[in-house]
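Each chain, written out:
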Amino acid sequence: MLRSLALAATLLIPAAAQAAVVSPTSYMYYAAPNSSGSAYEDDTYNGTLGQLADGISATTDWQPTDGFGAPGPNVGWLNVNPLILFSFDTVYQFSELVLNLQDGKGIAGVGLADSITVNGLTSPMLTGNGTAFSGAWDVTMDISSLAPTSTLMVEVHRGFQWTFLSEFTFSTAEATAEVPLPAGLPLLLAGLGGLALIRRRKS
Ligand SMILES: [Ca+2]
Ligand SMILES: [Ca+2]
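Lay out the overall build of the protein with the relevant residues and their values.
In terms of helices and strands, the protein carries three helices and ten strands. Each helix (α) and strand (β) of the protein, taken in turn from the N terminus, gives the series α-β-β-α-β-β-β-β-β-β-β-β-α. Scored against the burial criterion, the 203 residues of the protein give a buried share of 29%. Long-range pairs, those at least 24 residues apart, make up 79% of the contacts in the protein with a sequence separation of at least 6.

Pulling in residues and values, what's your account of the environment of N34?
Considering the arrangement of structural elements, one finds N34 in the loop between strand 2 (26-31) and helix 2 (62-66). What makes N34 partly exposed here is the crowd of 18 C-beta atoms within 10 Å. Placed 42 residues apart in sequence, N34 and G76 show a C-alpha to C-alpha distance of 6.0 Å. Not counting the four nearest positions on each side in its chain, N34 is found in contact with Y40, G76, W77 and L78.

An account of the nonpolar core is needed here, citing residue identities and associated values.
Ranked by size, the top nonpolar core spans 33 residues in total, and within it L52, L99, L101, V154, F164, L165 and F168 carry the most contacts. For this core, the elements supplying multiple residues, two or more each, are strand 4 (83-92), strand 5 (94-103), strand 6 (115-118), strand 8 (135-142), strand 9 (149-157) and strand 10 (162-172). With five residues, strand 10 is the single largest residue contributor to this core. Those residues within four positions of F164 in sequence are excluded, and the remaining contacts are Y40, W62, N74, G76, L101, Q102 and V110.

So what about unusual backbone geometry? Which residues, and what values?
Phi is positive for N79, close to 55°, though the residue is something other than glycine. Position of N79 among the secondary structure elements: in the loop between strand 3 (75-78) and strand 4. Overall, the presence of 11 C-beta atoms within 10 Å leaves N79 in the exposed class. One non-glycine residue, N119, adopts positive backbone phi at about 45°. Counting through the fold element by element, N119 comes out in the loop between strand 6 and strand 7 (121-122). Given 14 C-beta atoms within a 10 Å radius, N119 is considered partly exposed.

Let's hear about the pairing of strand 10: which residues, and what values?
Each regular strand carries side chains that alternate between the two faces of the sheet. Strand 10 sits mainly inside the fold: nine of its eleven residues count as buried. Note that strand 1 (residues 20-22) and strand 10 share three bridges and pair antiparallel. Across the sheet, residue V21 finds its bridge partner in strand 10, namely S171. Bridge analysis of strand 3 against strand 10 gives four bridges, and the strand direction is antiparallel. Paired with W77 across the strands is T163, a residue of strand 10. Bridge count for strand 5 against strand 10 is seven bridges, and the pairing is antiparallel. Along strand 10, the bridge assignment pairs N100 with E167.

Now, about the sheet that holds strand 9: what can you tell me, with residues and values included?
In space, the five strands of this open sheet follow the order 2-4-9-6-7, with antiparallel pairing throughout. Since the sheet does not close on itself, it has two edges, and those belong to strand 2 and strand 7, each with one partner. Direction of pairing for strand 2 relative to strand 4: antiparallel, over a ladder of five bridges. If you follow Y29 over to strand 4, its bridge partner there is I84.

How each quantity is defined
Sequence order as written defines the numbering, with residues in each chain counted from 1. Following the order in which they are written, the chains are lettered starting with A and the ligands numbered starting with 1. Where totals are concerned, whole chains, interfaces and linings use all residues; where local detail is concerned, this predicted model gives features only for residues with pLDDT of at least 70, and gives and counts side-chain atom pairs only at 80 or more. Comment: elements are numbered from the N terminus, with helices defined as DSSP H or I runs of at least four residues and strands as E runs of at least two. Whether a residue is buried, exposed or partly exposed is read from the other C-beta atoms within 10 Å of its own C-beta, which are placed from the backbone; 20 or more gives buried, 12 or fewer gives exposed, and intermediate counts give partly exposed. Throughout, a residue-residue contact means that the two C-beta atoms, derived from backbone geometry, are no farther apart than 7 Å. Any nonpolar core is a set of buried residues, restricted to Ala, Val, Leu, Ile, Met, Phe, Trp, Tyr and Cys, that join up through C-beta atoms within 7 Å. Here, a strand pair is defined by DSSP locating no fewer than two bridges between the strands.

This is a description of form; function is not addressed.
The following block contains the structure:
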């Protein structure tokens, strides 16, 4: 019976151990975007969620989408490090942060950040997307060494006057919230029942 239990448990583990994207339930600014006299705002932010966690990343240079007052996907900060607190529905063991930002090579003062700090953990220097000016860029940061938490304080260390960000995507090592016990329990019981039946037939 112990071996059957171990086998059933093994069969269940792959479904419970897959990495998963978790969305924050809210975020707030400790360093607000530049909204005075510019259009580079968090256009859908309602005090809880907005453009930084809506699943939409910028795919081009910011100028056609955000320039001249257009409500594009980017949120811009001028001469300050973006500082944002993200909150989640429960405690997670996070594994990865993917940040979409503009690598503008300093054109019009817009450029890649130097590094990112998450709950005190600082990334290596960001290297950007080569020598050509091509706008949007995803950078991936390993945050698997952080202690399990339900809040992440993110500081983006600016490299130029303007820092343009469009999306934060957080992943967890284990999809604990995706496999609730009521869904897993019947599977376990069915597995144990089937194994017991096989054993009975063999003997
Ligand atoms: Ca977005
Ligand atoms: Ca915007």
